Structure formats: C-alpha cells, structure tokens
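Fold and geometry: a report
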Amino acid sequence: MFLSETHLPQLLRPESYFDPDWYRDEEKHVLRSAWWAVATLDEFPRDGDFITFDHVDGPVILWRKGGEIRAFRNVCAHRLAKLTGKARGHCDCLTCDYHGWEYDESGVTRRIPDASSFRPLEKGRLGLAAVQAAVVGSVVFMSFDASAPPIREWLGNEWERINERFGPRSRTLWRADIDVPVNWKLLIENNLESYHVASVHGKTLGASPDESMCEHEFSDGGSRFIGPGSNSTWGRVRLSLARQIRESIPAAYTHSIVYPAFTWLSVDLLSGFQSIVPTGPRSCRMVVRFAAFQGDTSTFLVDFMARRCVAGELTFWKRVIAEDLSLLPQVQAGIESPRHPGAGLISRREERLVHFQKWILGRMGMPSEAHGGPKRTSGSHLDGPVEHGTR
Ligand code: FES
Ligand SMILES: [Fe+2]
C-alpha cells in the first residue's frame, strides 16, 4: 500500500535539473558528503591491481595493496598531473606517468627520480591525497569527505542486506559504467517509481503491480519498495531453485535507495546496484553491477539450472535499463523547455520521489514548498517567484 492518500506536488523546480548554479550548490550540500559505489572486489583479483574513476570531485585511483582497497586522488604531488590515464592496471607502487614519481601504499613518495634536484625536500613530506574507501560485501565505496559518516551508519538498514547479497558467495555477472546525458536526479527518480512501468516497459515487465501488492518504506536517509516477485511459471521455478541454494530467499522483489544516489535491487538469486555519479548539471555516470548467489551445498544440476535462470533474468534487466536510458534524454529535454504547462504533479505511486525531493531541499537548507518549489537565495538569477509556464 502507498502511504499518501492523495496526489503530491513536484517539489523541485525544472531549473534544479540543469542550472549550473543549482548544481554547484548541490555539489556542496548534497553530494560532497556521500559515499559512492564505484566497483566490486572481483575487479581487483590480485594484490597490486588498480582501477581509476573520474568523479565530478576529481579523478581517483583505487588500489588493492596489502589486502586492502586504498583510494587516492589520481593527481601527482609533483606537477599535479594525473598519475595514470589507464582505466585499470597492475603495479607494485603507484608511479606517475609524467616524471616517474613513485608512491607507496600510504600514498607517501617512495622514489623521486633525480631527487637531489629538489633539495631541500624532507623525506616523505609530499604524497598523494587520500580518499576514504570501504568495502561492504564485495561492493567498493569511496567518499571524498573525511567527516562522512562511517559506511555502516550511512547505509543504515541496508548495510546488512547488501553485505549478505553481495557477500563472498555471490559472483558478479554484469559490470557496466554508462555515461548518460541527463541530470543525475532524473535517473534516481526514474528508479524510484513504478508508474512508468506499463508505458516504458510494457513489453518487458507488463503492467505496474497492483497497489495492494506494493509497499513503500521510508527512513531519514532513503526509501524501499517491496513488490511481488514474478508470478509466472518461470518466476516460480526460479524462486524454488533459488530456495534450494539459499532457503532464506524471499519471494519479493525489493528496490532500495540510500540518498543521495545509491540504489539497489534484489530478486530471487539476483542482486544489482546502480550508483548514479553526477558528472555535470546535465550528465551523470551510471555504475551498474549485477551479482548472483552461488550454491554451496546444492547439487550440480540445481546450480546449473540456477545459472541458466539467472542469465535469463539478467538479459531481462539489461533490456529494462536500456528502455529507461533511451527515454530519459527526452525527459531532460522537456524539463529544459523554457515554458511548461504547470509545475508538474506526482501520483501516490510515485511518492518515493517526493521523499527524495524533500531530502534534497532539506540538505540545501530550503523549505519544501508545494507547487512552486524552492526559491533561490539572493544573488541568483532564479530569485523571485518564477512561475512555471509564464517565464
Ligand atoms: S607530474 Fe607526476 S612526476 Fe611529475
Ligand atoms: Fe524503468
């Protein structure tokens, strides 16, 4: 059942989805203190493996060294070049491609070519800027904010389930980093409602589930949708196979978000996350990973059948994501139109969006005003009561 009894207002004004000033404020108040899921542990199979990630807060290198994942800004202390332009690789020490400065696992300089020409330079005084890294199950998170809450606290109720669903008995099946030409919040909002299911995914998913089979749960830092698993014959077969591998698998589909931008789902043996990393006011990167439970006591036949089912399910989820991604630029274009027919309206089925929008406004220090949205503080061209459709 949905919590709201009536339709709800769209709280964020269209400008929030493309305005560079808004985006700058968002970076400061909404995005900076977040944890970002950027990889899974199996992307670092050997000690010394690294991956790089270009985040809106700067380029980062994540390096498995001494059995731990360490993260640094991918910027050299010498002349501030990117240490490496490679997406992934392996090294015994981090070495800058430009003049060859080397750094150890703490990010401290190890060898500086022609070091005497830098005299006087105290040993170990220069080094890389560390970024926080944490692993939950096999999901690798990073945060630029040294004062961000510990990952367990930030994930709240989701921590335990993520730790289990992406734990040592799960295997990553699909890994994709997709650049999407829309504001990050549009991808989140698309994730948070099942109202578009019938029109966008009609052929793939069928009709939206009946309200009586849906549940919305809200917490301070996110929300969860619990819906019915598949009721088709295949769906029932999948569930029964899943339960031979792990008895505790629920019959439900769940989709959760931890604000601002970590969403994940679980159904049968399959779990997947989408971490939406903003890359500009009108663009973001979707970091997607899907994983499945492996059997440990089940028979070869059950494992084989389960693998076939999971492969089919994954193909299906890839199609669902592709359907959303092909539509969203159209949504961005409409929002950027200089005139609109009104402020927009949100159905009860879309109520998770309103919770998300309220959370954003709260972080920005703005009241949640109905049907007009926030007014910017002075000094912005968004000052004053700009009415949608009359600008
Ligand atoms: S900029 Fe990295 S060694 Fe010179
Ligand atoms: Fe969708």
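Note: the structure precedes this text.
No experiment lies behind these values; they were computed from the predicted model shown.

Rules used in this analysis
All residue numbers here refer to positions counted from 1 along the written sequence of the relevant chain. Following the order in which they are written, the chains are lettered starting with A and the ligands numbered starting with 1. Totals for whole chains, interfaces and linings use every residue, but because this is a predicted model, local features are given only for residues with pLDDT of at least 70 and side-chain atom pairs only at 80 or more, for both listing and counting. Side-chain numbers come from the whole structure's heavy atoms, not from hydrogens or water. In this text, helices come from DSSP runs of H or I with a minimum length of four residues, and strands from runs of E with a minimum of two, each type numbered from the N-terminal end. Donor selection uses N, O and S atoms within 2.8 Å of the metal (3.2 Å for Na, K and Ca). Since no water is included, sites may look incomplete. For a four-donor site, all angles between 85 and 135 degrees give tetrahedral; for four or six donors, opposite pairs above 155 degrees with the remaining angles between 65 and 115 give square planar or octahedral; all remaining cases count as irregular. In what follows, a contact means two residues having at least one pair of non-hydrogen atoms within 4.5 Å. By definition, two strands form a pair when at least two bridges between them are found by DSSP. Angles run from 0 to 180 degrees between N-to-C directions of axes, and those axes are lines fitted to C-alpha atoms, restricted for helices to the stretch in contact.

Attention now moves to unusual backbone geometry. The amide bond that connects Arg-119 to the next residue, Pro-120, takes the cis arrangement and shows omega of -10°. Along the chain, Pro-120 falls in the loop between β8 (102-103) and β9 (130-136). Residue Tyr-259 is joined to Pro-260 through a cis peptide bond whose omega torsion reads 5°. Along the chain, the position of Pro-260 falls in the loop between β14 (252-258) and β15 (262-267). One non-glycine residue, Leu-80, lies in positive phi territory at about 70°.

The subject of this paragraph is the coordination of the iron ion (ligand 2). Protein coordination at the iron ion (ligand 2) comes from His-196 (NE2), His-201 (NE2), Asp-324 (OD) and Asp-324 (OD), with a distance range of 2.1 to 2.3 Å. Here the iron ion (ligand 2) binds four donor atoms, and the angle range of 57 to 137° at the metal identifies the geometry as irregular. Read in sequence order, the donor residues coordinating the iron ion (ligand 2) give the pattern H-x4-H-x122-D.

A word on the environment of Gly-48. In this structure, Gly-48 sits in the loop between β2 (36-40) and β3 (49-55). Between the alpha carbons of Gly-48 and Arg-243 there is a distance of 37 Å; along the sequence they are 195 residues apart. With residues up to four places along the chain from it excluded, the contact list for Gly-48 reads Trp-63, Arg-64, Gly-89, His-90 and Cys-91.

In sheet architecture, strand pairing relies on hydrogen bonds along the backbone and comes in two forms, parallel and antiparallel. Strand order in the open sheet formed by seven strands is β2-β10-β9-β5-β4-β3-β6, with antiparallel pairing between adjacent strands. In this open sheet, the two strands that pair with only one neighbour each are β2 and β6 (88-90). Neighbour to neighbour, the strand axes of the sheet diverge by 30° on average, direction disregarded. Bridge analysis of β3 against β6 gives three bridges, and the strand direction is antiparallel. The residue bridging Ile-51 from the neighbouring strand is Arg-88, located in β6.

What follows covers the sheet that holds strand β13 (residues 222-228). Strand order in the open sheet formed by seven strands is β11-β17-β16-β15-β14-β13-β12, and the pairing between neighbours is antiparallel. One side of each edge strand has no neighbouring strand; the edge strands of this open sheet are β11 (170-180) and β12 (215-219). Within the sheet, the average angular offset between the axes of one strand and its neighbour, ignoring direction, is 15°. Looking at chain direction, β13 and β14 are connected through seven bridges and run antiparallel. Residue pairing for β14: Gly-227 is matched across the bridge by Tyr-253. In this fold helix α3 (residues 158-165) packs onto β11, β13, β14, β15, β16 (270-280) and β17 (283-293), with an angle of close to 60° to the strand it touches most, β15. Running at roughly 155° to β16, helix α4 (residues 184-191) makes contact with β11, β14, β15, β16 and β17 of the sheet.

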